[in-house]
Structure formats: structure tokens, C-alpha cells
Amino acid sequence: MYSDLISKYIPAADVYLFNTGSARKAWLLFGCNYISEIGRHRFVLWAPNARSVSLVGDFNGWDEKATPLQRHGNIWCAFVPGLSDGDLYKYCVIGKNGKKVLKSDPFAAWSQTDTETASRVWTGSYIQRHTEAYDRSLQRFPDPKSAPMNIYEVHLGSWKTDGAGRVNYVTAGRELAEYCRAMHYTHVEFLPLTEYPYPPSWGYQVTGYYAPTSRYGSPDEFAEMVDIMHENGIGVIMDWVPAHFPRDAHGLAEFDGTRLYECKEERMASHPEWGTLIFDYALPEVQSFLISSACSFIERYHIDGIRVDAVSSMLYLNYCRRDGEYTPNIYGHNINLGAVEFLRKLNTAVHSTGRRVITVAEESSAYPMITGAVEDGGLGFDFKWDMGYMHDTLDYFMTDPLFRRGCHDKISFSMMYAFSERFVLAYSHDEVVHGKKSMLDKMFGSYEQKFASLRVLYGLQLAHPGKKLGFMGSEFAQFIEWDYRKGLDWLLLLYPMHRAMQEYCRELNRLYLENPPLYQNDVDWEGFRWLNVNERDRSSVAFMRRDFSGNVLVFACNFLPVEFKDFTVGMPCEGELTELLSSDDARFGGSGSVGGSVSAVGVPFLEHPCSAKLCLPPLTCKLYKLIEKRSCDESND
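On a predicted model such as this, the values are computed, not experimentally measured, just so you know.

Regarding the overall build of the protein
Then comes step 1: Check the secondary structure of the protein and you find 16 helices and 26 strands.
Then comes step 2: Compactness check: the protein gives a C-alpha radius of gyration of 27 Å against a globular reference of 26 Å for 637 residues, within 12% of the reference.
Then comes step 3: Each of the 637 residues in the protein was classed as buried or not, and the buried ones make up 61%.
Then comes step 4: Expressed as a percentage of contacts within the protein between residues at least 6 apart in sequence, the contacts between residues at least 24 apart total 72%.
Then comes step 5: Working note: accessible area of the protein is about 24300 Å², and carbon and sulfur atoms make up 51% of it.
Then comes step 6: Averaging the positions of the 64 positive and the 81 negative side-chain charges in the protein gives two centres separated by 2 Å.

The structure is reproduced here in C-alpha cells:
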């Protein structure tokens, strides 16, 4: 039926790349693509074990006999005239098991959402203008590895809504970009915006790996939102979820009557914690499908990076399983070798797109070389979330100050491994849901002490080596947990303490961008040195950050609700410490202890040749700039 069209418009090389796991742009072959030369839309589907496939939609009355697809090797094809953008369609698949099911297009670029699950025809009318806008914006973005990266994590559906509770990519994008620019954020990280049917999953149960969710508009509007971000100098990162997929009948599950996308062994195909299904990462076609999904959002929509969710669940065969409940690898170990190879191929492919993009791993174990180069045996990610830092610091700030001397190591331990990977210090959405309390409400103490403690926590995050991430609402101290069903409590900004917290976070972000010692060397001890780390009884610490030019900033924290007027810190040389920030500043909601300078004198302290005595108010952090009187080398002579 389609033999001549297949030979001309189904490139054998593209099929080969897909079947060998080497495809990077599989959307150009699969799914629905308009062929202008013949005035038809071409449909291509991978369903090698299906008995038959037909195309159904509103254009043919959903008649399963009207538009059959023709088998071509392990794929199915049809060429259909008379379609328009927005037309609904599905595949009617008679599987190997003899069951008939209506499936959404795995490669659809546009889909219905929520309880409506059909795919939509889309030709990408905005893409050319979108590409031109992206090319103009490229010069605004430095390499994040050597530049400051301060990420504002956002669930788009609950950041702000209109009076009817709705959100649109373009209108929300304009307001969000303006806000991020005013707050001095460098990037937005969106919780997954790939299509998903189940709102309480927040987007982490994906059914449309190539389609921006239509909850907030069309693919063109999604592309326009990305352009708006770029025009305002804001990079765009998107959470991307290859760790699992839902069992919904219209999705990938048993797509052709077999476990096609999922693991072939039944007990290894199901995720024991989430009840979802696990991809067969060793299967070449699955590799092509997933890697092309990530590349499609980079190539077509020009996002600036992906954050890969739940990497630990991919790496470990025994993730959330007891002994005897999983099948070891060929060496008898618990590492998923297929997932390791897939992640290396993913990072290699993404970094080969010719665009300046980053990949970030949410990985909670001590698996080695997450950010190591692929050629050196690493997985190839640019950054990894530092889950240990997050857990330790939050545990510490939730502890009664009377007992903090006994857990002082929770503040210092992160530096034992800080340079083993390239880290992002993330206080994410996961920390403000499911009874964990908001960031503010986690803090121990009275109402005023909670605010003071949160300012100290954010100050510590600023000064500690690593990129920064905070979840929306935490910057103005939302008091209740995040609820994806409604917008943030922006009315809190009518209250002085919340408005002051927002101003404090704005100032932290500005200082981060404007002071190279805070970001320029996050990867080794040349950029960091403890100045006083063992003051358990005072529950206080101090350290310095240094940039490549030798400029030094000094950071000191008092984690107790008592004042210390003579906190001694080691110094590399004599000079003057000029205060850049005090979290106790009245404009941030503090008592007003600010200003002045402190002399660093030639009195040795610990291993340092010089020292200074700082006044630290209760529950306060301070940041100083060191103006050297003479060089460190001269001080050591």
C-alpha cells in the first residue's frame, strides 16, 4: 500500500540508528511528521511484536479499519492526507497477546492531558523563530562549571495562578522571568513538563516523553516561554524522568502486547516503591527512545539542561528490594550494567548536541564518579545533587541548640567529600512535602528564631562550595508545606518578616553573582579553608573562600541563640575584614547588628599565621571581605 512512499520517505539509516541504540534525533523518523513534498503526514511506530496497527482519530471517526499501518521490518508506517495541527489520534494496536488497546503515540510532540489521552498532530510552526531567538541569546550564558549557578526550582502549575486557577506558559513565563531576574537567579529548574496523566505525581509519571504538557498551553507556547527566559538571561533546566514510567493503558506499558519498553523479567520490570515500570536500559531501541527524548527538548526547545530524577533507582538492581527479591548482574553484583551504559551514552549524546547544556543527577548513594568523565570510567554528569549536605544541615537546624554540640560534625562533614564530585546544594520540593514541614517551620525555636535560623542556613548554603538550588516559596519563607493544587502564599509578602526574608535572599543571590570567591573555585581546597571548625561548645564555624586571583571572603556562623563577642578565627595574613553581609541586619528581620571592620593581626591561631576576633550575635552569619595588609607569603616569612 505504501511501498513506494516507504522506500522514499523512511530512511534506512535512521531505522538502523534506532535499532542499534545510536539514534539521537529519533523524533525525525518516528511519530507524526509532515512531509511537505507529498502533502501528507507520515506516521511511524515501533511495535515489533504487534499483530496489526491502525490509526484512529477524529479525522476518521475513530474507525479502526479506516487507516491501517503497514509493517516495515520492526516498524509500522502510514501516510495520511488532510490533517491539521491539533487533530486527535491514537494507535489501535492488536498485540502479540491478542488484546486490542488504544495507545497514545510514544513520539507525539503534543498530547491531551489529565483524563484525556489522545495525541495531537503538530508541525512546529514556532520553531524557526524560536531557534533564531535562541541563537541571539547564547552569548548571555557563560559556562556554568566556572560561573555562578543559582537555581530557582519551580512547579509551574502552583507558582502563581490566575483568578480561575489557570496557568499559561507564556503569561507565567513573562512574570517568572521578571521575578527571577529581580531576585538574581541564574536558572529556573522546572519539575517535569513532559506530558503526564496523574496530577499528584507532579509530572514524575511520564506518558509523553516528547510532548510538553498541554496543561499550560501548546508546544509553541512552551517554546515561547523558553525564549522569554533566555531574553531575560535566565537558563532553563527541566526535570527529566527515565527512571520509571506508569502503567496507564494508553502509555508505554506492554505496548505491543509484550514487555517492550520495560524489563523483560517480570519481577525486575516493576518498581517496588512507586508501583511503576522500569525501562529495559540494555535494549538498544529503548536507549534510542530515551536519549532522543532528552535531545529533543534541547534541540527543538533549546532548554539549557536536564536534571535526571532518581538515578540511584536506576543504578542499583536491589533498590528498595531485599536479598532474594532481585536478579543480580552477570557478575553476581547489584549494579544495573545496562543503566550504567545508558547513562554514559545519554551524557555523551547531550554534550554532543553542539549546545552549551548541562546534566544534573539526583543520586543519593556513594556511587563513584557520577560527575567523572565517561572516558575515565565516570557517568559523565556535570553536577550531582549533594543529598548528604542537605540531610545533615536540615537535621542540624531542626536540633535543639542545647544539643547541637553533640552533632557539630553535621556542619563540617560535607567538606570531607566536597570535591569528590561537582555538587549542587539543593533544598528542593522533596523537603517541603509529605509532613516534612516547610523550610521555615523546620527550624527549631520561637517564631523569631525560626526566621533567624533560616537566614543562617541560607547564608551557609551561599558560602559553602557548590552550586545553589532552592524551591519556590522558600525564598520568602512560606510557612505551610507546598501544595501542588494551589499557588504559593504570595500574600505573606504583606508581612514584614516574610518580606524581609525575600529581601535577604535577593541580597544573598546578588552577593553570589558579584563575588568570584563564592563560585570560581568549587572543586578543590585552593578555594576553601577552615578558619575555625572545632568550636563545638559554641556551635560556631568560620571558613574562607578564595578565587583564582587571590581575593578572599571570610564567612562565620553562630548557630546558638547567644552572643559571642570574641569568636577567634584564623587568618592567612594581616589585614582588615570589611563586613559585606550580616543576617542580623534589621532590613532582613534581625536585631540590627551590622557594619564596621575587624583587624586581622599577627597572632597565630591553630595552623594559621594570623587571627581576628569577631562579634557574632545570636543565630547569625556574617560575610567579610579581606583586604590584605601584606601577602600571605610575607606573613609566613
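That was the structure; now back to the text.
Focus: the side chain of Thr393
Then comes step 1: Mapped onto the fold, Thr393 is located in helix α11 (residues 387–398).
Then comes step 2: The residues touching Thr393, leaving out its near neighbours within four places in the chain, are Lys410, Tyr427, Leu457 and Leu460.

Observations regarding the environment of Phe444
Then comes step 1: Mapped onto the secondary structure, Phe444 falls in the loop between α13 (439–442) and α14 (447–463).
Then comes step 2: Judged by relative accessible area, Phe444 falls into the partly exposed class, the value being 34%.
Then comes step 3: In this structure the C-alpha to C-alpha distance between Phe444 and Leu581, which are 137 residues apart in sequence, comes to 23 Å.
Then comes step 4: Among all residues touching Phe444, those that are not within four sequence positions of it are Phe397, Met398, Thr399, Asp400, Pro401, Arg404, Gln449, Lys450 and Ser453.

Comments concerning the pairing of strand β14 (residues 305–308)
In regular strands, side chains alternate between the two faces of the sheet.
Then comes step 1: The alternating pattern of β14 places Gly305 and Arg307 and Ile306 and Val308 on opposite faces, both of which are buried.
Then comes step 2: Across four bridges, β14 lies against strand β15 (residues 358–361) in parallel orientation. Of the residues in β15, the one forming a bridge with Arg307 is Val360.

Brief notes about the sheet that holds β15
Then comes step 1: If you trace the eight strands once around the closed barrel, you get β9-β10-β13-β14-β15-β16-β17-β18, paired in parallel fashion. Strand-to-strand twist of the sheet, defined as the mean angle between neighbouring strand axes without regard to direction, takes the value 25°.
Then comes step 2: The strands touched by α11 within the sheet are β16 (383–385) and β17 (423–427), with β17 carrying the most contacts at an inclination of about 40°.

Here's the deal with the sheet that holds strand β4 (residues 70–72)
Then comes step 1: Pairing is antiparallel across the open sheet formed by four strands, whose spatial order is β1-β2-β5-β4. Both outer strands of the open sheet, β1 (31–35) and β4, are each paired with one neighbouring strand and no more. Taking the axes of each pair of neighbouring strands and ignoring which way they run, one obtains an average angle of 30° across the sheet.
Then comes step 2: Alignment of β4 against strand β5 (residues 75–81), held across three bridges, turns out to be antiparallel. Along β5, the bridge assignment pairs Gln70 with Cys77.

Details of the pairing of strand β3 (residues 52–57)
Then comes step 1: Summarising burial for β3: five of the six residues are buried, a large majority.
Then comes step 2: Bridging between β3 and strand β6 (residues 88–94) involves six bridges; their strand directions are antiparallel. From the neighbouring strand, Gly57 faces β6, where its bridge partner is Tyr89.

A few points about the packing of helix α2 (residues 12–19) against helix α8 (residues 284–299)
Then comes step 1: Running from N to C, α2 and α8 cross one another at 105°; their axes reach a closest spacing of 7 Å. By the criterion of interaxial angle, the relationship of α2 to α8 is roughly perpendicular. Side by side, α2 and α8 meet where Leu17, Phe18 and Asn19 of the first sit next to Pro284, Glu285, Ser288 and Phe289 of the second.
Then comes step 2: Split by residue class, the contact of α2 with α8 holds four nonpolar, two polar and one charged.

Topic: the side chain of His271
Then comes step 1: With respect to the helices, strands and loops of the structure, His271 is situated in the loop between α7 (266–269) and α8.
Then comes step 2: Look at His271 and you get buried, because its relative accessible area is 2%.
Then comes step 3: Within polar-contact distance, the side chain of His271 engages the backbone nitrogen of Glu273 at 3.2 Å.
Then comes step 4: Excluding residues within four positions of it along the chain, His271 makes contact with Thr276, Ile278, Ser313 and Tyr319.

Details of the packing of α8 against helix α10 (residues 337–350)
Then comes step 1: Contact geometry of α8 with α10 gives a least axis separation of 10 Å together with a crossing angle of 30°. Here α8 is positioned roughly parallel relative to α10, judged by the angle of their axes. When you trace α8 past α10, the crossing you get is right-handed. Contacts between α8 and α10 involve Gln287, Leu290, Ile291, Ala294, Cys295 and Ile298 from the former and Phe342, Lys345, Leu346, Ala349 and Val350 from the latter.

Quick word on α14
Then comes step 1: Compared with the 24 Å implied by 1.5 Å per residue over 17 residues, the 25 Å span of α14 between its first and last C-alpha is a close match.
Then comes step 2: Across the 17 residues that make up α14, a large majority, 14, are buried.

Focus: the nonpolar core
Then comes step 1: Of all hydrophobic cores here, the largest spans 190 residues; its most connected members are Tyr152, Phe190, Tyr209, Phe222, Tyr261, Phe279 and Leu346.
Then comes step 2: Once you skip the residues sitting within four places of it in the chain, Phe222 turns out to touch Tyr169, Leu193, Pro212, Met238, Phe297, Tyr301 and Ile303.

Quick look at α10
Then comes step 1: Here α10 spans 20 Å end to end across 14 residues, near enough to the 20 Å set by a 1.5 Å rise per residue.
Then comes step 2: Taken across its 14 residues, α10 has 10 buried, putting it largely inside the fold.
Then comes step 3: Where α10 is buried, its residues touch β13 (235–240), α8, β14, α9 (311–315) and β15.
Then comes step 4: Of the residues flanking the start of α10, the one acting as N-cap is Asn336, its side-chain oxygen 3.1 Å from the backbone nitrogen of Gly338.

Digging into the packing of aromatic side chains
Then comes step 1: Under the criterion given, the structure shown has 50 aromatic pairs.
Then comes step 2: Here Trp159 and Trp490 contribute two aromatic rings whose centre-to-centre distance is 5.4 Å and whose plane-to-plane angle is 85°, an arrangement assigned as edge-to-face. Within this pair, whereas Trp159 is found in helix α4 (residues 156–159), its partner Trp490 is found in the loop between β18 (467–471) and α15 (496–514), the two being separated by 331 residues in sequence.
Then comes step 3: Under the relative-accessibility criterion, Trp159 is labelled buried at 1%.
Then comes step 4: On the accessibility criterion, Trp490 (17% relative accessible area) is buried.
Then comes step 5: Directly above the aromatic system of Trp490 lies the positively charged group of Lys160, at a separation of 4.6 Å from the ring centroid.
Then comes step 6: Cation over ring: Arg404 sits above Phe397, and NZ or CZ is 5.6 Å from the ring centre.

So, unusual backbone geometry
Then comes step 1: Of note, Ala310 is a non-glycine position whose phi angle comes to about 55°, a positive value.
Then comes step 2: Considering the arrangement of structural elements, one finds Ala310 in the loop between β14 and α9.
Then comes step 3: Among the residues examined, Ala310 registers a relative accessible area of 9% and is labelled buried.
Then comes step 4: A positive phi angle, near 60°, is found at Ala477, a position not held by glycine.
Then comes step 5: Of note, Ala477 is situated in the loop between β18 and α15.
Then comes step 6: For Ala477, a relative accessible area of 1% gives the class buried.

Rules and cut-offs
Residues numbered from 1 in each chain as written. Predicted model: local features only at pLDDT ≥ 70, side-chain atom pairs only at ≥ 80, totals over all residues. Heavy atoms only, no water. Helix = DSSP H or I, 4+ residues; strand = E, 2+ residues; numbered from the N terminus. Rg over C-alpha atoms; globule rule 2.2 N^0.38 Å. Buried < 20%, exposed > 50% of the residue type's maximum accessible area, 1.4 Å probe, protein only. Contact = heavy atoms within 4.5 Å. Areas by Shrake-Rupley, 256 points an atom, 1.4 Å probe, with all protein chains shown as cover. Lys, Arg positive; Asp, Glu negative; His and termini not counted. Charge placed at Lys NZ, Arg CZ, Asp CG, Glu CD. Pairing = 2+ DSSP bridges. Axes fitted to C-alpha atoms, helices over the stretch in contact; angles between N-to-C directions. Parallel < 35°, antiparallel > 145°, perpendicular 65-115°, else oblique. Nonpolar A, V, L, I, M, F, W, Y, C, P; charged D, E, K, R; others polar. Polar contact = N/O pair within 3.5 Å; in protein donor to acceptor, adjacent residues only side chain to side chain. Left-handed = near helix turned anticlockwise from the far one by under 90°. Expected span 1.5 Å × (residues − 1). Core = buried A, V, L, I, M, F, W, Y, C linked by side-chain atoms within 4.5 Å. Phe/Tyr/Trp six-rings, centres within 6.5 Å; stacked < 30°, edge-to-face > 60°. Lys NZ or Arg CZ within 6 Å of the ring centre and 35° of its normal.

Nothing here speaks to function; it is all geometry.
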